[in-house]
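# Structural overview for review
So the chains spell out like this:
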Amino acid sequence: MFRIAIITALAAATVLVFPASSTTAQEALPPAVETTAVEVLLVDGETGTILYQKNPAEPFPPASLAKIMTMEIVFAALRAGEISLETTFPVSEHAWRTGGAPSGTSTMFAALNSQVPVADLIRGTIVQAANDAAIILAEGMEGSEAAFAARMNERAAELGLTNSRFVNPTGLPAEGQQVTVTDLVKLARHLRASYPELYTIYAEPSFEWNKIFQRNRNPLLSAGIGADGLGTGYTDASGYALLGVTEQDGRVTFLAMSGLESERERAAEATKLLRWAHDSFEQVQLFDAGAMIGSASVFGGTAGWVPAVAETPVTVLLPVEAGERVRARIRYEGPLIAPVAKGDPVAALDVLVDGEPVLSQQLVAGNDSSAGSFTDRALGAAKELAFGWVRAF
């Protein structure tokens, strides 16, 4: 059970300490996990807690992981009634040569000039990582790969994938095509939550088309760790990559990683990280909904400060016996300017482990501070001139 000691630091930031026991931080330190992956992000699905990160904003070529963005476009089009699972699209010569049997790449072996239903193209793209399937969908929906890629980028911006750019629907090497592990985890969380029925296809073990049977390329599905998605990728430039999701004992975990040197290393490192995440963390509720966590100064108001309140429970996944490694801080641009209404967003609470933020949650005003009289504003101005205001870090 965490005991909470609150320390106020200057005018614009409140620092909270959560000691689990009297044990020192060094003594409480659990064995650190290490990985050979170059870029990694490991996130708890319920709370959004970052469990492990390494170069999370570093861009790299997505390879076949670009097809996950392709599927988001297709799933959204199905929901909107733009297409149906029974809609058929033709196999053009471009799709056949670039992603089909002659290409030497991942393919579902769709026959040239045949018609393939969307339902099968989806399984070809997901289960077999088929480049021809992704191109057929792109051409069928938008007329060309380039037009479909423009749609991918527009949708990526809407989803907040700020450091990703797509040039084609397959992930085949192309100048300027990039993703980050942060954006991939964000995309995976969206896909799993928004399209649960279609998302289940990611867990299908195999798919057969044109009398050719192929197994799902995701190594996590057979690892016995509750994996239900998503995919893998490889390029000469960035090595072997993976985007995976597991659900064990009611806990969902998302993992994106890149920069591995082999398929074997990718499977081993991903399995190790996901097992570590399951075994080494516990869920802790730090504050109830409505709890006053700190305060924020108000300039020119009838009240000189407002309570900063948790709108929803603050729940975080923390390392077992984390002890004094855990801290928290309140950030805001201060002082706030009156009027401030109860329920207005006023600050953010960051929970930190070893000095690194693992969770951020919005805080709201616990009561009002109306615009004050001329005297109130004059006193506030005098205070700023005399002491200045310490800005949040």
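Parameters and conventions
Residues numbered from 1 in each chain as written. Predicted model: local features only at pLDDT ≥ 70, side-chain atom pairs only at ≥ 80, totals over all residues. Heavy atoms only, no water. Buried < 20%, exposed > 50% of the residue type's maximum accessible area, 1.4 Å probe, protein only. Helix = DSSP H or I, 4+ residues; strand = E, 2+ residues; numbered from the N terminus. Pairing = 2+ DSSP bridges. Core = buried A, V, L, I, M, F, W, Y, C linked by side-chain atoms within 4.5 Å. 1 Å grid on protein atoms, 1.4 Å probe; cavity = no way out; pocket = protein on both sides within 12 Å on 5 of 7 lines; lining within 4 Å. Points joined across faces, edges and corners; volume = space filled by probe spheres on them. Nonpolar A, V, L, I, M, F, W, Y, C, P; charged D, E, K, R; others polar.

It is worth spelling out the pairing of strand E3 (residues 39–44) at this point. A regular strand places its side chains on the two faces of the sheet in alternate fashion. Burial within E3 is extensive, with six of its six residues counted as buried. Alternating positions in E3 separate into two faces, Glu 39, Leu 41 and Val 43 on one and Val 40, Leu 42 and Asp 44 on the other, with burial throughout. Where E3 meets strand E11 (residues 251–260), six bridges bridge the pair, whose relative direction is antiparallel. Residue Val 40 lies in a different strand from E11, and its bridge partner there is Met 257. One ladder, built from four bridges, connects E3 with strand E4 (residues 50–54); its direction is antiparallel.

Next up on the list: the environment of Lys 272. Inspection of the secondary structure puts Lys 272 in helix H9 (residues 263–280). Here Lys 272 falls in the partly exposed class, since its relative accessible area comes to 35%. Taking the C-alpha atoms as reference points, Lys 272 and Glu 34, 238 residues apart in sequence, are found 9.4 Å from one another.

The biggest cluster of nonpolar side chains holds 58 residues, and the ones touching the most others in it are Met 69, Val 74, Phe 75, Ile 122, Tyr 202 and Leu 230. The leading source of residues in this core is helix H2 (residues 66–80), at nine residues. Leu 318, Ala 322, Ile 330 and Leu 336 belong to the second-largest nonpolar core, a separate cluster that totals 29 residues.

What follows concerns empty space enclosed by the protein. On inspection of all chains with the given rule, the structure shows three cavities of 30 Å³ or more. Taken together, 16 residues line the largest cavity, and the ones lying closest to its centre are Ile 126, Ala 129, Leu 230, Gly 231 and Thr 232. Mapped onto the lining of the largest cavity, the elements with two or more residues apiece are H2, helix H4 (118–127) and strand E9 (227–235). Here the lining of the largest cavity is built from residues that sort into eight nonpolar, six polar and two charged. The calculated volume of the second largest cavity comes to roughly 40 Å³. Along its surface, the second largest cavity is lined by Thr 246, Glu 247, Gln 248, Arg 251, Thr 253, Leu 274 and His 278. The set of elements that each furnish at least two residues to the lining of the second largest cavity consists of strand E10 (239–248), E11 and H9. Per-element tally for the lining of the second largest cavity: the top contributor is E10, with three residues.

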